[in-house]
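What follows is each chain in one-letter form.
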Amino acid sequence: MRHFLSLKDFTKEEIFEIINVGLKIKKETKNKIFQPYLKNMNLAMIFEKSSTRTRVSFETGINQLGGNGLFLSNKEIQLGRGEPIKDTARVISRMVDLIMIRTFGQDRLEEFASFSKVPVINGLTDKYHPVQLLADYMTMIEFKKENGVCAYVGDGNNMTHSWMILASKLGLELRVATPKGYEPLEDVKEMCEDFAKESGAKLLYTNDPKEAVKGADVVTTDTWVSMGQEEEKEKRIKDFNGYEVNNELMSLAKKDALFLHCLPAYRGYEVSEEVFESHADEIFNEAENRLHAQKGLMVWLMN
């Protein structure tokens, strides 16, 4: 049994296997072929953080695979009333075949997985967002940018950490530009440097967005104010001045560079309206690929 808690637990070959299963299923879906790969299986979806794309993609995905999705918010289960995580895990995992959790601390996810009898998927934590990176890299493959230079501009958050792990596992060049005081966590940087020694990846950390974006094939960002950081909004907006991905910054990337965003996007903050709309095809293909990449992941985990 394998859990999917972070990309760090998977080899380059396994990451490609998962994505290739997703691409195969996507092709079938586009041809209106819905193979019941997970017939009669049940996916429990536990949400301690709200979501649009995560819920719709997982619930639609398991249904298209012949299974059933069960939405569980923390307001509706005993976990939200103080039941120990390990007890909730031991109960739910005896009743379903697969569990997805979207929560706050990575430690909560890992504790749940350690007591689960079935595979557990990280739908997002404050530290990692690995299912999003499966969709992002699937999009890069489809746009022929799978070996391109990548630039991440913005907050050193769960998306940054996941980009770092993906790049260091697959041997990509990644440049991360964050304001001072918002750099990625040191333990993640050290881990990724170790992965890079084996894969040949190149990782650059800078406080200069222009240095990161210059000559890049793929530019990506994320919101400056994530869930739980609302009280810091005004300070963050001030601290992130100069980090908006706008036409001026994108002009430093290659002419045919992709722009990716995990959504929701706040125009006028991390990305300009002009850049977002001129790259909307890529962004919404990326969003759709959450569905297909996660179907590939679920099938891979259960087989």
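Below or above, wherever it landed, is the structure these notes cover. None of these values were measured; they are calculated from a predicted model.

Considering the overall build of the chain
The helix and strand inventory of the chain stands at 12 helices and 9 strands. Since a compact globule built from 303 residues should have a radius of gyration of about 19 Å, the 19 Å found for the chain is in line with a globular shape. Overall, the chain is about 50 × 45 × 40 Å in size when its C-alpha atoms are taken along their principal axes. Evaluated residue by residue, the chain yields a buried proportion of 56% over its 303 residues. When the accessible surface of the chain is summed, it comes to about 13400 Å², and 49% of that surface belongs to carbon and sulfur atoms. The distance from the centre of the 40 positive side-chain charges to the centre of the 47 negative ones in the chain is 4 Å.

Describing the environment of Lys-8
Counting through the fold element by element, Lys-8 comes out in the segment before helix 1 (12-30). Distance from Lys-8 to Ser-162, taken between C-alpha atoms, is 8.8 Å for residues 154 residues apart in sequence. Discounting residues that sit within four places of it in the chain, Lys-8 has contacts with Tyr-128, Ile-165, Lys-169, Met-191 and Phe-195.

Comments concerning the side chain of His-3
Considering the arrangement of structural elements, one finds His-3 in the segment before helix 1. A polar contact is formed between the side chain of His-3 and the backbone nitrogen of Val-120, at a distance of 2.9 Å. If sequence neighbours within four positions are ignored, His-3 has contacts with Phe-10, Ala-113, Ser-116, Val-118, Pro-119 and Val-120.

Points about the pattern of salt bridges
This structure, assessed with the given rule, holds 20 salt bridges. A salt bridge links Lys-24 to Glu-28, with the shortest nitrogen-to-oxygen separation between them at 2.7 Å. Here Glu-28 and Lys-24 lie together in helix 1, a separation of 4 residues that amounts to about one turn. Of the charged contacts, one joins Arg-90 and Asp-87 as a salt bridge, the two residues approaching to 2.9 Å between their closest N and O atoms. Placement of the pair is Arg-90 and Asp-87 together in helix 3 (residues 85-92), with a separation of 3 residues, close to one helical turn. Here the salt bridges do not stand alone but share partners, grouping Asp-155, Glu-232 and Arg-236 into one network.

What counts, and where the lines are drawn
Residues numbered from 1 in each chain as written. Predicted model: local features only at pLDDT ≥ 70, side-chain atom pairs only at ≥ 80, totals over all residues. Heavy atoms only, no water. Helix = DSSP H or I, 4+ residues; strand = E, 2+ residues; numbered from the N terminus. Rg over C-alpha atoms; globule rule 2.2 N^0.38 Å. Buried < 20%, exposed > 50% of the residue type's maximum accessible area, 1.4 Å probe, protein only. Areas by Shrake-Rupley, 256 points an atom, 1.4 Å probe, with all protein chains shown as cover. Lys, Arg positive; Asp, Glu negative; His and termini not counted. Charge placed at Lys NZ, Arg CZ, Asp CG, Glu CD. Contact = heavy atoms within 4.5 Å. Polar contact = N/O pair within 3.5 Å; in protein donor to acceptor, adjacent residues only side chain to side chain. Salt bridge = Lys/Arg side-chain N within 4 Å of Asp/Glu carboxyl O.

Shape is all these values report; function is a separate question.
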